[in-house]
Every structure is written in structure tokens, then in C-alpha cells.
Amino acid sequence: MSWLTSPASETQVTHGARLWLYAIAVLVLAFLVVPTLIVIPMSFSASQYLEFPPRQWSLRWYEAYFASAAWMQATATSFKAATLTALLATPLGTLAALGLDGARRRVARAAGALLVTPMIVPLILVGIGVFYAYVRLKLVNTLTGVVLAHTMLAIPLVFIVIASSLKQHDASQVMAAKSLGAPPLRAFFAVTLPQIRFGVVTGLLLSFLTSFDEVIVALFVSGGPNSTLTRNMFNALRDQIDPTIAAISTMMIGVTTLLFALSQTLGRRKPAGR
Amino acid sequence: MASAVAGVGTAGNARALARDARRERLAKLALALPALALITIVMLVPVAWLFGLSFLGDDGHATLAHYRRIVAEPAYWRAFVTTFQVSALTTLICIALGYPLAYVLAALPARIAAIALVFVMLPFWTSLLVRTYAWLVLLQRNGLVNALGMKLGLWGAPLTLVNNLPGTLVGMVHIMLPFFVLPLYGAMRAIDRECLKAAASLGASPTRAFLRVFLPLSLPGLVAGALIVFVLCLGFYVTPAVLGGGKVNMVSNQIAADIEIFFDWGGASAQGVVLLVLTLAILGVSARLLPRGRGAGGGAP
């Protein structure tokens with residue numbers, strides 16, 4: 001009982017008097033996590049109705065997923081698009097953050113504001129706008145089109161992540177490298193990059209996920225053999241609840257969890273040893 | 001004489017140095033050009049194009065007809081009313097659920113709070129479509145929530161929990177809650193706990209100390225989180241489309257229908273422009289209201 005009667009706050013409220021508050025917090029945390037996780041056991045259900053807990057276990061929805069040429073093609077498209085988006089958006093966003101780092105002028109501020117516009121403009125407007133442009137550029141239903149649109153959407157995230165890691169990095173070391181005769185590129189790779197590498201890793205992971213999870217723009221500009229996984233899932237959901245989607249969702253949760261774990265281990269800045 | 005020559009020399013040097021510095025600054029700024037060019041070509045120009053289309057009638061002449069229709073036709077303005085209602089309700093529920101959670105997390109020792117925060121971050125990273133699908137499965141007629149509710153005797157017959165407004169709200173709150181909790185948690189961690197001790201030592205009851213000291217200090221974080229949630233809700237499309245069952249017609253759904261079914265580019269563009277202007281107006285007002293550097297501590301996308 002000692003924990004219950006010990007003070008929990010600066011105002012001497014005891015833990016016991018606060019149990020209701022802890023209960024709410026636990027319930028809200030459960031609300032956040034449980035619904036997504038429950039899809040995983042459900043995907044192994046033998047029934048059409050995705051029981052929980054499954055009365056009979058089976059891999060039939062996974063077999064349906066792997067046997068479907070359309071789902072396999074969409075999965076391949078999504079992985080390709082996400083990888084290319086990460087490889088394009090990360091250098092572009094990093095360069096932009098480097099260019100605007102420490103710049104105080106009005107031009108730089110305006111450029112910074114422009115760089116985050118893809119996060120502000122409603123996605124449906126982006127979707128139909130990009131579609132309208134792609135019809136003229138003959139990029140509708142192409143992988144290039146999807147990658148360019150997703151790169152545009154991911155640049156603001158990379159820009160923000162790198163800009164904040166640049167704020168913590170020591171600019172005087174770059175000056176020192178330059179004064180010792182290092183060309184700008186060498187100074188970047190030898191001094192700046194190692195200091196912002198956690199930001200770069202986070203940028204890569206975030207831009208991969210941005211593309212992998214994106215629905216609305218892909219709905220308008222991807223299609224045919226280059227239809228993305230999320231586009232096919234969304235269209236399937238509008239018809240009826242296809243249990244195959246539970247299997248695909250489980251796969252996507254796996255990818256997310258893996259990337260999240262990577263970001264927590266690789267993307268975390270070690271405490272500065274000062 | 002010699003000193004005069006030296007003077008000219010240093011002035012010239014200074015000028016050359018300034019020119020050099022200027023050139024380097026410009027060269028540095030140029031690093032942002034590729035990203036800016038891509039955003040301009042793929043998004044800004046097309047959106048500007050749609051802006052132009054929204055003022056163009058079927059006959060090719062300038063007109064305000066598309067905007068007039070948003071005001072005049074119930075189907076259009078109702079989508080805006082629905083959007084505001086859904087966004088406001090989602091924001092209020094997020095405050096009701098998120099404030100206690102952030103409060104408890106901020107009071108926990110940092111090490112334990114970090115573990116609990118993983119539970120907030122994980123859904124934040126999980127695909128929006130997967131989470132919406134999960135709710136569709138859980139809330140359907142023979143789904144887990146109905147089964148559980150009837151087993152516990154909370155209700156007798158299966159309830160219609162999805163393909164309506166409540167189902168949409170559940171899905172949207174689930175998606176938006178981390179956006180609310182993270183900045184609020186940051187703001188609450190930054191509150192100086194000594195203020196509460198001072199309030200208690202001056203005789204304030206715990207409730208009074210919370211209401212008069214903690215709540216006002218956490219208000220900037222609360223407002224920042226609520227604004228992020230509200231503004232992001234305005235643009236929702238996927239969740240109302242999947243969980244609304246055609247009964248929750250938000251502006252984005254109306255726009256998509258206008259393009260996919262009616263090929264009405266002018267009308268869709270006009271609604272998109274109004275939605276964008278409303279979003280920017282709310283962001284602009286909030287940027288003025290909120291003190292700089294506070295609240296925006298979340299920094300999460």
C-alpha cells in the first residue's frame with residue numbers, strides 16, 4: 001500500500017487518489033495500439049469473417065495474396081516507388097536544408113516556406129493537380145510519375161528533420177575544415193555528414209514510408225501495371241471486406257515496425273559526451 | 001603616402017571579400033533549388049492551374065459560377081459544414097482523450113515515459129489505410145466490438161457502428177490522437193513543477209493548483225495540438241470514404257466524386273481553392289495567436 005499512499009505530484013496528491021487517471025491513460029494507450037495489432041491474429045483466421053480469436057488457424061489469406069498476380073505486381077510497385085522516393089527525396093531535402101541553414105534573409109525564409117507547402121496543401125488538391133499536370137506530361141500510370149509526386153510529398157519531412165539536426169551541429173568545424181583547405185564537398189563528407197547522419201537515416205525512413213503509405217495521390221496518378229498497393233487496397237475496401245487485405249495489412253505492419261525499430265536504433269542521437 | 005596606398009588596398013580587399021562572401025551565400029542558397037524546382041513543377045504550377053480553372057466557365061470565359069454554386073447548392077455547402085463538424089468533433093474528442101494521457105506521461109519518470117511514448121509513436125508510423133481497415137473489421141456488424149459489447153451485456157442486438165458518422169469519428173480520432181498528444185506532452189514536460197509546489201505551499205488545493213497553474217501553463221501546447229488536429233482533419237479523404245459508408249461526405253470526398261463521376265474540373269477546383277484558403281487562414285490566425293517557439297515542440301509530421 002505504500003506506493004498508493006505516497007505522493008504522486010508536487011501538490012501531494014497520492015497515487016491511490018490518482019488511479020482513475022492512470023486507468024484512463026492505459027485505456028487510451030490501448031485504444032491507440034490494440035486495433036492495429038489485432039489485425040495480425042485475425043489474418044490467420046480460416047473464416048471468411050475474420051474471427052477473433054480465430055476458431056481455426058489457416059494461411060489461406062496469405063496464399064490468396066501470394067497467388068494473386070495483381071497483388072504481387074502492386075506490392076512490387078509500392079516497394080520500388082518507396083525505395084526510389086527515399087533515394088531522391090533524401091538528397092534533395094538534405095541539400096535544401098544545407099542551403100538554407102543559417103540563412104537569415106527574406107529570400108531564404110520564403111524558400112523555407114515554399115519547401116513545406118506540400119504538407120499544408122490539402123492532399124486531394126495535390127492529387128487532382130498532379131493528375132491534371134501528368135495528363136499533359138504523359139506521366140499518368142507511370143512509375144516515374146508516382147516517384148516524382150511522392151518525392152515532392154516527402155521533401156518537407158526530410159527538410160525539417162535535417163534542418164533540425166543541422167541546428168545542433170557545430171558549424172565552426174566546417175569553417176576549420178575549409179580554412180585548412182578542404183574543398184566544400186570534402187568538408188561536407190568529412191565533417192557535416194557524420195554529424196547529421198542520424199537525421200539522414202530518419203529522412204530516408206520517413207520518405208520511404210511516405211511513399212509506401214500514400215493513398216490519395218496514388219489513387220489519381222497510379223494505375224494499370226503501376227498501380228500501388230495502397231491504391232488497390234483502397235479500391236478493394238470500397239467493394240467488400242476482402243480478408244486478403246488482413247494478410248497484406250499484417251505485412252505492412254511488419255514493414256512499419258521494422259523501419260520504426262531501425263529509426264529508434266540508428267536514428268537516435270547518442271547523448272553528447274560533453 | 002604609404003599609408004594612403006595601404007588604405008586603398010584594404011578597402012579593395014574588403015570589397016573583394018564582401019563580394020566573395022556574397023557569392024558564397026548565393027551558391028549556398030542555390031543548393032535548395034532542385035527541391036524547390038520539383039515542388040514548383042509537380043505541385044505549385046498544377047495547383048495554380050486549378051486555381052485558374054476554378055474561375056473558368058464551360059464556355060471558356062471568366063466566371064464566378066463555380067464559387068456561386070458552392071454557396072447556392074446544398075450538396076456543396078453541406079460538404080463544408082460536414083467537414084467543419086467532423087473536424088471539430090474529432091478535435092474535441094482528441095482533447096478529451098489526449099489531455100489526460102499527456103498529463104500522465106509528463107508526470108512519469110522520463111525512462112518509463114519513453115517506453116509509453118513508443119505506444120503513441122507506433123500507430124503514428126503505421127499506415128493510415130491499415131488502421132482504417134482495422135476499424136472497419138472491428139466495428140462491422142459481426143465484428144469484435146459488437147461481439148464484446150453483447151457478451152458483456154452492454155447491448156442486446158448488434159449495433160451499426162460503422163458506415164456512419166460515429167465510425168468515421170472513431171477512425172479519425174485514432175489517427176489524429178498522436179498529433180495532439182506529442183506537442184502537448186512536450187509542452188507539459190517544459191512546465192516548471194516548482195510553480196505547483198509554490199501553489200501548494202501557498203494553500204491551494206490540488207484541484208485549484210491544477211486549474212489555476214498547470215492548466216494555463218499547458219494551454220499553449222493544448223491549443224497548438226488542437227490546431228494541428230483540426231487543420232489536418234479538414235483534408236481527410238480516406239477515412240470518411242472507408243468508414244463513412246457514403247454518409248459522411250467531406251469536401252475531399254465531394255471533390256473526388258466531382259472529378260471521377262462528373263469530370264467537373266471547375267467545380268472541383270473551386271472547392272479545393274476554398275478548402276486551401278480556409279486551411280491557410282486558420283494557420284495564419286494561429287501563427288499570430290500562438291507565442292513563437294512554444295507549442296510547436298512536437299515537430300512531427
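Worth saying up front: this structure is predicted, and the values here are computed from it rather than measured.

Calculation notes
Residues numbered from 1 in each chain as written. Chains lettered and ligands numbered in written order. Predicted model: local features only at pLDDT ≥ 70, side-chain atom pairs only at ≥ 80, totals over all residues. Helix = DSSP H or I, 4+ residues; strand = E, 2+ residues; numbered from the N terminus. Rg over C-alpha atoms; globule rule 2.2 N^0.38 Å. Buried ≥ 20, exposed ≤ 12 C-beta atoms within 10 Å, placed from the backbone. Contact = placed C-beta atoms within 7 Å. Expected span 1.5 Å × (residues − 1). Nonpolar A, V, L, I, M, F, W, Y, C, P; charged D, E, K, R; others polar. Core = buried A, V, L, I, M, F, W, Y, C linked by C-beta atoms within 7 Å. Domains from an automatic or database assignment. Axes fitted to C-alpha atoms, helices over the stretch in contact; angles between N-to-C directions. Left-handed = near helix turned anticlockwise from the far one by under 90°.

**Some words on the overall build of chain B**
The helix and strand inventory of chain B stands at 13 helices and zero strands. Scanning chain B from its N terminus toward the C terminus, one meets helices and strands in the order α-α-α-α-α-α-α-α-α-α-α-α-α. Relative to the 2.2 N^0.38 estimate, which gives 19 Å for 301 residues, the radius of gyration of chain B is 27 Å and therefore markedly larger than a compact globule would have. Along the first, second and third principal axes, the C-alpha atoms of chain B reach 105 × 75 × 30 Å. Buried positions account for 41% of the 301 residues belonging to chain B. In chain B, 75% of the contacts between residues at least 6 apart in sequence involve partners at least 24 apart.

**A look at the overall build of chain A**
When you go through chain A residue by residue, the secondary structure sums to 13 helices and zero strands. When the helices and strands of chain A are listed from N to C terminus, the series reads α-α-α-α-α-α-α-α-α-α-α-α-α. Taking 274 residues into account, the globule formula puts the C-alpha radius of gyration at 19 Å, and chain A, at 24 Å, lies well above it. Here chain A holds 274 residues, and the buried ones make up 42% of them. Within chain A, contacts between residues separated by at least 24 positions form 71% of all contacts whose residues are at least 6 apart in sequence.

**Observations concerning the environment of Thr90 of chain B**
Residues and elements named next belong to chain B. On the secondary structure map, Thr90 appears in helix 4 (residues 74-107). By the C-beta count within 10 Å, which is 27 here, Thr90 ends up buried. C-alpha of Thr90 to C-alpha of Leu177: the two residues are 87 residues apart in sequence and 9.0 Å apart in space. Beyond its immediate stretch of four places on either side in the chain, Thr90 contacts Leu169, Met172, Val173, Met176, Val229 and Cys233.

**Some points on helix 13 (residues 265-289) of chain B**
Here helix 13 of chain B spans 36 Å end to end across 25 residues, near enough to the 36 Å set by a 1.5 Å rise per residue. Gly266, Gly267, Ala268, Ser269, Ala270, Gln271, Gly272, Val273 and Leu275 of chain B are the residues of helix 13 of chain B that are buried. For helix 13 of chain B, the elements touching its buried residues are helix 7 (123-137) of chain A together with helix 2 (33-53), helix 3 (65-72), helix 4, helix 10 (206-234) and helix 12 (251-260) of chain B.

**A few points about the interface of chain A and chain B**
Accessible area lost when the parts come together is the quantity often used to give the size of an interface. Across the boundary between the two partners, chain A contributes 73 residues, which contact 69 residues of chain B. When residues of the side of chain A that touches chain B are assigned to their parent elements, the largest contribution, 14 residues, is made by helix 2 (residues 19-42) of chain A. By residue class, the composition of the side of chain A that touches chain B is 58 nonpolar, 13 polar and two charged.

**Observations concerning the nonpolar core**
Counting 146 residues, the largest nonpolar core has Val130, Ile155 and Val217 of chain A together with Met176 and Val229 of chain B as its most contacted members. When residues of this core are assigned to domains, at least three fall in each of domain 1 (2-60) and domain 2 (68-266) of chain A. With residues up to four places along the chain from it excluded, the contact list for Met176 of chain B reads Thr90, Cys94, Val229, Leu232 and Cys233 of chain B. Within the second largest apolar cluster, five residues are counted, among which are Leu196, Ala199, Ala209 and Phe214 of chain B.

**Concerning the domain arrangement of chain A**
Residue and element names in this part refer to chain A. Under the domain assignment used here, chain A contains domain 1 (2-60) and domain 2 (68-266). Relative placement of domain 1 and domain 2: their C-alpha centres are 32 Å apart. Between domain 1 and domain 2, the residue contacts involve seven residues of the former and six residues of the latter.

**Quick notes on the packing of helix 9 (residues 171-179) of chain A against helix 10 (residues 184-213) of chain A**
Residues and elements named next belong to chain A. One way to put it is that helix 9 packs onto helix 10 with a least axis distance of 10 Å and a crossing angle of 145 degrees. Taken as a pair, helix 9 and helix 10 cross one another with a handedness that is right-handed. Here Gln173, Val174, Ala177 and Lys178 of helix 9 come into contact with helix 10, specifically with Ala187, Ala190, Val191 and Thr192.

**Observations regarding unusual backbone geometry**
The phi angle at Lys138 of chain A is positive, at roughly 55 degrees, despite the residue not being glycine. The residue Lys138 of chain A is located in the loop between helix 7 and helix 8 (143-167) in this model. Unusually for a residue other than glycine, Phe263 of chain B sits at a positive phi of about 50 degrees. For Phe263 of chain B, the location among the structural elements is in the loop between helix 12 and helix 13.

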